[in-house]
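Observations on chain architecture
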Amino acid sequence: MAERAGAAPAGTGEPAGEPAGAQAAAPVGTGEPAAAPAGTGEPAAAPAGTGEPAGGPAGAARGGDRPERILLVGMMGAGKTTVGRALADRLGWRFLDSDDQVVAATGRTVREIFESGGEHAFRKLESQALEMAVAAGPRTVIAVAGGAVLRDANRALLRRSGTVVWLRAPAGTLARRVTAGDHRPLLDDDPPRALAALAQAREPLYRELADLTVDAGDATPGELVERILAEVGR
Ligand code: S3P
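As the structure is a computational prediction, the values presented were derived from the model and not from experiment.

**Section: the site of the ligand**
Near the ligand lie 14 residues; those nearest to it are D99, R123, H183, R184 and R202. H183 places a main-chain nitrogen or oxygen 2.4 Å from an oxygen atom of the ligand. Here the ligand loses 98% of its free accessible area of 380 Å² to cover by the protein chains. For the ligand, the cavity whose grid points lie within 2 Å of the majority of its atoms is the largest pocket.

**Notes on the pairing of strand β1 (residues 69-73)**
By the criterion of burial, β1 is predominantly enclosed, with 5 of the 5 residues buried. Burial along β1 is two-sided: the residues R69, L71 and V73 and I70 and L72 are all buried. Across 4 bridges, β1 lies against strand β4 (residues 163-168) in parallel orientation. Paired with I70 across the bridge in β4 is T163.

**Here's the deal with the packing of aromatic side chains**
In total, this model carries 2 aromatic pairs according to the counting rule given. Consider the rings of F114 and F122, whose centres lie 5.0 Å apart with planes at 35 degrees: the pair is tilted. There is no split in this pair, since F114 and F122 are both buried. For R168, the ring lying beneath its charged end belongs to W166, and the centroid distance is 5.3 Å.

Cut-off values and rules
Residues numbered from 1 in each chain as written. Predicted model: local features only at pLDDT ≥ 70, side-chain atom pairs only at ≥ 80, totals over all residues. Heavy atoms only, no water. Near = heavy atom within 4 Å. Polar contact = N/O pair within 3.5 Å; in protein donor to acceptor, adjacent residues only side chain to side chain. Areas by Shrake-Rupley, 256 points an atom, 1.4 Å probe, with all protein chains shown as cover. 1 Å grid on protein atoms, 1.4 Å probe; cavity = no way out; pocket = protein on both sides within 12 Å on 5 of 7 lines; lining within 4 Å. Sits in = over half its atoms within 2 Å of the grid points. Buried < 20%, exposed > 50% of the residue type's maximum accessible area, 1.4 Å probe, protein only. Helix = DSSP H or I, 4+ residues; strand = E, 2+ residues; numbered from the N terminus. Pairing = 2+ DSSP bridges. Phe/Tyr/Trp six-rings, centres within 6.5 Å; stacked < 30°, edge-to-face > 60°. Lys NZ or Arg CZ within 6 Å of the ring centre and 35° of its normal.

Written as structure tokens, this is what we have:
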């Protein structure tokens, strides 16, 4: 599962000078400060040397003694919600989805939040939602929305809250599978292009964060659940 490190953005998800209400006029390049494409975080120094093994080989989940929680990360269309729900069912654990938490907390759709406050407003709410999801307690599977890894604080929270599983799929596969829908305004214009750009910027973050990387491109949700369970030793 280990791969080349690549040019690794250590995206902060903390844009300075966020253009409020910026619309997704292009598949990338909105909602974030100049120089940083929407949803990509800000390219900066490589995260190498963070002291965290990158990804780790299959079976080497480094969950260790962290709480009984599985946090699914990955791009839009990777199957986090479907797999997460099935995984939680199988374990008899609670299932939470960070986008659903945002909607429940605000009474607004993801699209409405993007439209009124831009991506930056959404990211703030997303961080709060993630904290709430973790605060729900252990024995929880959390589907973590694709862009949550952009913020340092979110990544730190994920890292200490349980076993992080990256559902990895090639951008081409994601583009075939993904549905734009009300909660994915970043994909309004040209989904394949947007996904490719976002994936390029984010994959180093997923890789850096993941205790376990599961290739999600070629498997059914049921197969992925079994793979994850086998790897995390449950
Ligand atoms: C986003 C992913 C979406 C949603 C929002 C932004 C992203 O969630 O939070 O559209 O930046 O990757 P899913 O990953 O659940 O689709």
